[in-house]
Amino acid sequence: MLANFSASELLSLFYFSTPIVLLALLWSWESWAAFKPFRGESRYRHAFYNLSLAVLNSLLLGLLFGSIVEATSAWTLQHQWGLLHQVPLSLFWQTLCAILLLDAWMFCWHWMNHRIPVLWRFHRMHHSDPDMDVSTATRFHWGELGISTLLRLLLIPLLGLQSWQLVLYGILVFLSTQLHHANISLGRADRFYRWLFVSPDMHKIHHSRLPQETNSNYSTIFSLWDRLARTYRMRLDLKTIDFGLPHYDAPQWQTLLGMWKTPFSRPPVLPGEQDQQAKAID
């Protein structure tokens with residue numbers, strides 16, 4: 001039956017089916033052998049909010065940018081714009097270069113989300129999840145995704161990316177992010193896996209509440225970007241990591257409305273901070 005589909009149709013089929021299948025597999029793995037116990041009241045409610053956010057984001061971004069991304073890619077191919085069209089490479093090597101360049105860009109984009117205050121406002125919603133699991137891989141604010149898509153519209157003609165290469169990279173991103181957000185451990189295999197790819201143990205550190213750990217391990221698929229940028233960090237006592245952001249622990253920030261409001265709300269003042277502010281005034 002798959003023989004009746006074109007290559008682009010097969011890629012699109014995998015693009016939409018991969019996250020669903022992998023979500024089910026990793027959810028089962030978490031249920032059978034969770035790395036850390038769930039802290040919240042309901043694991044199912046937690047996943048429902050995160051996944052509902054993902055569905056709404058997909059609908060909104062598809063409506064706003066779907067045809068624009070496709071048109072930009074088609075125009076780029078027609079006019080042979082971009083770096084990859086200027087270098088004589090076979091289709092295999094061109095595709096490999098496209099994936100590496102996109103992944104390098106994702107590292108830079110992630111780094112900027114942590115370093116530029118206005119971008120962090122949106123990205124902190126992803127980090128405010130106190131119970132990281134496979135559903136956290138889908139927990140992004142529509143504002144962050146919208147800005148990322150706008151910048152990608154510039155990246156397509158700059159690098160000479162084709163639409164099917166974007167789809168292929170998207171599938172690889174699904175595979176990687178769902179795996180390394182999942183509440184699982186690869187055991188001893190993790191140390192070998194993370195030499196090339198971002199592993200669950202490596203990404204757990206990125207979701208730590210400690211700023212020096214949050215601001216590390218930015219890579220999406222290939223871990224080499226963190227090694228090259230010297231932002232790679234590991235630790236042994238992974239079970240002691242506390243996930244989330246202390247200012248957004250309250251249940252109100254874990255609902256759909258709370259997540260949407262996170263970038264536009266001032267972080268709540270914690271009790272310890274109130275004491276510090278009082279001493280500063282005195």
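Right, let's walk through the structure included here. (Residues numbered from 1 in each chain as written. Predicted model: local features only at pLDDT ≥ 70, side-chain atom pairs only at ≥ 80, totals over all residues. Heavy atoms only, no water.)

Helix length check: helix α6 (residues 142–159) (18 residues) gives 25 Å between terminal C-alpha atoms against 26 Å at 1.5 Å per residue, within 8%. Along α6, the residues classified as buried are Gly-143, Glu-144, Gly-146, Ser-148, Thr-149, Leu-153, Leu-155, Ile-156, Pro-157 and Leu-159. Those residues of α6 that are buried are in contact with α2 (43–79), α3 (83–86), α4 (91–115), α5 (117–127) and α7 (163–181). The positive-phi residue at the C-terminal boundary of α6 is Gly-160, with phi of around 75°. (Helix = DSSP H or I, 4+ residues; strand = E, 2+ residues; numbered from the N terminus. Expected span 1.5 Å × (residues − 1). Buried < 20%, exposed > 50% of the residue type's maximum accessible area, 1.4 Å probe, protein only. Contact = heavy atoms within 4.5 Å.)

Considering all chains together, one arrives at ten aromatic pairs under this definition. When the centroid spacing of 5.9 Å and the interplanar angle of 55° are considered together, the rings of Phe-48 and Tyr-49 count as tilted. Residue classification places Tyr-49 among the partly exposed residues on the basis of a relative accessible area of 22%. Centre to centre, the rings of Phe-107 and Tyr-218 are 6.0 Å apart; their planes meet at 80°, and the pair counts as edge-to-face. Linking Phe-107 in helix α4 with Tyr-218 in the loop between α10 (211–214) and α11 (224–229), this pair joins segments that are 111 residues apart in sequence. A residue is classified by how much of its surface remains accessible, and Phe-107, at 9% relative accessible area, is buried. A residue is classified by how much of its surface remains accessible, and Tyr-218, at 0% relative accessible area, is buried. When the ring centre of Phe-192 is taken as origin, the NZ or CZ atom of Arg-191, which lies over that ring, is 5.8 Å away. (Phe/Tyr/Trp six-rings, centres within 6.5 Å; stacked < 30°, edge-to-face > 60°. Lys NZ or Arg CZ within 6 Å of the ring centre and 35° of its normal.)

What follows concerns unusual backbone geometry. The residue Asn-217 is not glycine, and still its phi comes out positive at about 55°. Tracing the backbone through its elements, the reader meets Asn-217 in the loop between α10 and α11. Residue Arg-230 is not a glycine yet carries a positive backbone phi of 60°. Inspection of the secondary structure puts Arg-230 in the loop between α11 and α12 (256–261).

Another point: the state of the cysteines. Under the criterion given, the structure shown has zero disulfides. Not engaged in a disulfide, the cysteine Cys-108 finds its nearest cysteine sulfur in Cys-97; these two sulfurs lie 16 Å apart. (Disulfide = S-S within 2.5 Å.)

This part is about α7. Under the 1.5 Å per step criterion, the end-to-end length of α7 is 27 Å for 19 residues, consistent within 8% with the ideal 27 Å. Those residues of α7 not exposed but buried are Gln-165, Leu-166, Tyr-169, Gly-170, Ile-171, Val-173, Ser-176, Thr-177, Gln-178, Leu-179, His-180 and His-181.

Time to look at the environment of Asn-217. On the basis of relative accessible area, Asn-217 is assigned to the buried category, the value being 1%. Taking C-alpha positions, Asn-217 is 16 Å from Gln-178, a pair spaced 39 residues apart along the chain. With residues up to four places along the chain from it excluded, the contact list for Asn-217 reads Met-202, His-203, Ile-205, His-206, Asp-226, Thr-231, Tyr-232 and Arg-233. A distance of 2.8 Å separates a polar side-chain atom of Asn-217 from the backbone oxygen of Met-202. (Polar contact = N/O pair within 3.5 Å; in protein donor to acceptor, adjacent residues only side chain to side chain.)

Structurally, Leu-175 is set in helix α7. Placed 153 residues apart in sequence, Leu-175 and Leu-22 show a C-alpha to C-alpha distance of 7.3 Å. Sequence-distant contacts of Leu-175, that is, excluding residues within four places in its chain, are made with Thr-18 and Leu-22.

Here α4 crosses α5 at 100°, and the two axes come no closer than 6 Å. The orientation of α4 relative to α5 falls into the category roughly perpendicular. In this structure, α4 uses Trp-109, His-110, Met-112, Asn-113, His-114 and Arg-115 to contact α5, whose residues at the interface are Pro-117, Leu-119, Trp-120, His-123 and His-127. Looking at the contact of α4 with α5 residue by residue, the classes come out as five nonpolar, five polar and one charged. (Axes fitted to C-alpha atoms, helices over the stretch in contact; angles between N-to-C directions. Parallel < 35°, antiparallel > 145°, perpendicular 65-115°, else oblique. Nonpolar A, V, L, I, M, F, W, Y, C, P; charged D, E, K, R; others polar.)

With that settled, consider the pattern of salt bridges. Overall, the coordinates contain six salt bridges when judged by the stated rule. Between Glu-30 and Arg-43 there is a salt bridge, and its shortest N-O distance comes to 3.2 Å. Taken together, the residues span a long stretch of sequence, with Glu-30 in helix α1 (residues 7–32) and Arg-43 in helix α2 at a distance of 13 residues. The salt bridge involving Asp-129 is made with Arg-139; its shortest N-O contact spans 3.7 Å. A residue pair is termed long-range when its members are at least 10 positions apart, and Asp-129 in the loop between α5 and α6 and Arg-139 in the loop between α5 and α6 qualify at ten residues. Judged by its relative accessible area of 0%, Asp-129 is buried. Accessibility expressed as a relative area gives 0% for Arg-139, which makes it buried. (Salt bridge = Lys/Arg side-chain N within 4 Å of Asp/Glu carboxyl O.)

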